[in-house]
Amino acid sequence: MTSTADAIIDLDRRHVAHNYSPLPVVAARADGAWITDVDGRRYLDCLAAYSAVNFGHRNPEIVAAAHAQLDAVTLVSRAFHSDRLAPFCASLAELCGKDMVLPMNSGAEAVESAIKVARKWGADVKGVNHPSTPNIIVAHNNFHGRTTTIISFSDDETARRGFGPYTPGFRAVPFGDADALARAVDDETVAVLLEPIQGEAGVIVPPDDYLPRVRALCTERRVLMIADEIQSGLARTGRTFACDHWGVVPDVYLLGKALGGGVVPLSAVVADSDVLGVLHPGEHGSTFGGNPLATAIGSTVVEILRRGEFQRRSAELGAHLHARLAALTGRGVLAVRGKGLWAGVDLDPALGSGKQVSLRLAERGVLVKDTHGSTLRFAPPLVVTADEIDWAVEQFAAVLSS
Ligand SMILES: Cc1ncc(COP(=O)(O)O)c(C=O)c1O
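Please read these numbers as outputs of a predicted model, since none were measured by experiment.

Note: α-helices contain 3.6 residues per turn, so residues at a spacing of three or four share the same orientation. An ideal rise of 1.5 Å per residue puts 18 Å on 13 residues; helix α1 (residues 3-15) measures up with 18 Å between its terminal C-alpha atoms. With respect to burial, α1 is a largely exposed element, only zero of its 13 residues being buried.

This is the structure:
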């Protein structure tokens, strides 16, 4: 590393809160599927900012929409209308097959907003009122963000320890076990909150009958099914939503990350008006939520998704990625899971930790992220080519055999 990179990493160590442990790569530019560091070295990005850069770094159509909006108006708050918000919400609602959109910023805010909406729906529509206490069912090993309430129902001790007191009202059951979920539902259950495919847990795909059974159970017991598609959605798995793989339509979609085109934070709660209609003026809000810059970008993202090109790319190239990774099973790889251009790879722990393997891959120009000790996640921007995938897998095979 050069003195420029060293100096920045040293400044980071002294002035950036240590809530991350980044690889020693200092990005200066990015384009498509590639990141260039401060010394001009190029890396194939196989993380895509946790799926926030699904459409590629600085996607030209998205960047053009952002530039145009910067020259018009960027923020007016929700105290006034803007000419961008309603068209964005109409097009996103149509993409989801729903009526309404509640725009927010970060993914965690979308999850928090959905929890509030579900409790309010429980009180106003389902009739779960005091002295009854509403409960929301979640899955073990979930990841929905970092707020106090969300970490209250995480079972990752690192995310929780020291941050109590915790928010009550959640019950966790094993992911993929529809019988356990059915047993946990009672008359005070207002929602089931799930990632259709668990991302941070290591790209865990549930059994094929799981989500259809969750859907049927939620309908039967009058419980809202909330699908957190913040990481799994928007073409990542080869379909617009991961739920589409099982023909399941939740009551509420939570979207974020790629919705902001890799340019701005933009998240959303999307549902029908009998659900989102429980919110009235003054009951919820956000200064930046639904701002003109973000929603101009979001409209472009929806337009891109309507064309379907990235869903097709992810499905086709994902099959290629999975075949190439699966060929490494027994050669340092224990298992490969996932859908589309989203793969969780369990490493043989004898080879070292996921972090050590990520470091060795970065030295060879491939950026990936470890999760849960010995799992690596491959999730490149969906503009990646078959040749680039082949090259990345060759670097991975070389690291495994070295
Ligand atoms: C499924 C899921 N939900 C919510 C979040 C939180 O999103 P954010 O980091 O934008 O708050 C994440 C982030 O990784 C996620 O993967």
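From this point, the narrative continues.
Domain annotation for the protein chain reports domain 1 (4-59 + 309-401) and domain 2 (73-307). Placing a centre on the C-alpha atoms of domain 1 and another on those of domain 2 gives a separation of 27 Å. Tallying the contact residues gives 29 residues for domain 1 and 24 residues for domain 2. Within the residue set of the side of domain 1 that touches domain 2, elements represented by two or more residues are α2 (48-51), α12 (309-326), β11 (333-338), β12 (343-347) and β15 (375-378). Of the residues belonging to the side of domain 1 that touches domain 2, the class tally is twelve nonpolar, 13 polar and four charged.

A few words now on the sheet that holds β15. Across the sheet, four strands lie side by side as β11-β12-β15-β14; this open sheet has antiparallel pairing. At either end of the open sheet lies a strand with only one pairing partner, and these are β11 and β14 (369-371). Sheet twist, expressed as the average angle between the axes of neighbouring strands with direction ignored, equals 30°. When β12 meets β15, the two strands line up antiparallel, connected through four bridges. Residue Ala343 lies in a different strand from β15, and its bridge partner there is Phe378.

Before going further, it helps to spend a moment on the site of the ligand. Taken together, 15 residues surround the ligand, and among them Ser106, Gly107, Ala108, Gly145 and Gln231 come closest. Examining the composition of the shell around the ligand, we find that three residues originate from one element, helix α5 (residues 107-126), more than from any other.

All right, on to the nonpolar core then. As a rule of thumb, nonpolar side chains are buried together in soluble globular proteins. Residues Val192, Leu224, Ile226, Leu254, Val269, Val270 and Ile297 are the most contacted members of the largest nonpolar core, which totals 115 residues. Residue contributions to this core peak at eight residues, all from helix α11 (residues 292-307). Two domains share this core, each providing at least three of its residues, namely domain 1 (4-59 + 309-401) and domain 2 (73-307). Residue contacts for Ile226: discarding those within four places in its chain leaves Ala114, Ala118, Ala191, Val192, Leu193, Pro250, Asp251, Val252 and Leu254.

Cut-offs and rules
Residues numbered from 1 in each chain as written. Predicted model: local features only at pLDDT ≥ 70, side-chain atom pairs only at ≥ 80, totals over all residues. Helix = DSSP H or I, 4+ residues; strand = E, 2+ residues; numbered from the N terminus. Expected span 1.5 Å × (residues − 1). Buried ≥ 20, exposed ≤ 12 C-beta atoms within 10 Å, placed from the backbone. Domains from an automatic or database assignment. Contact = placed C-beta atoms within 7 Å. Nonpolar A, V, L, I, M, F, W, Y, C, P; charged D, E, K, R; others polar. Pairing = 2+ DSSP bridges. Axes fitted to C-alpha atoms, helices over the stretch in contact; angles between N-to-C directions. Near = placed C-beta within 6 Å. Core = buried A, V, L, I, M, F, W, Y, C linked by C-beta atoms within 7 Å.

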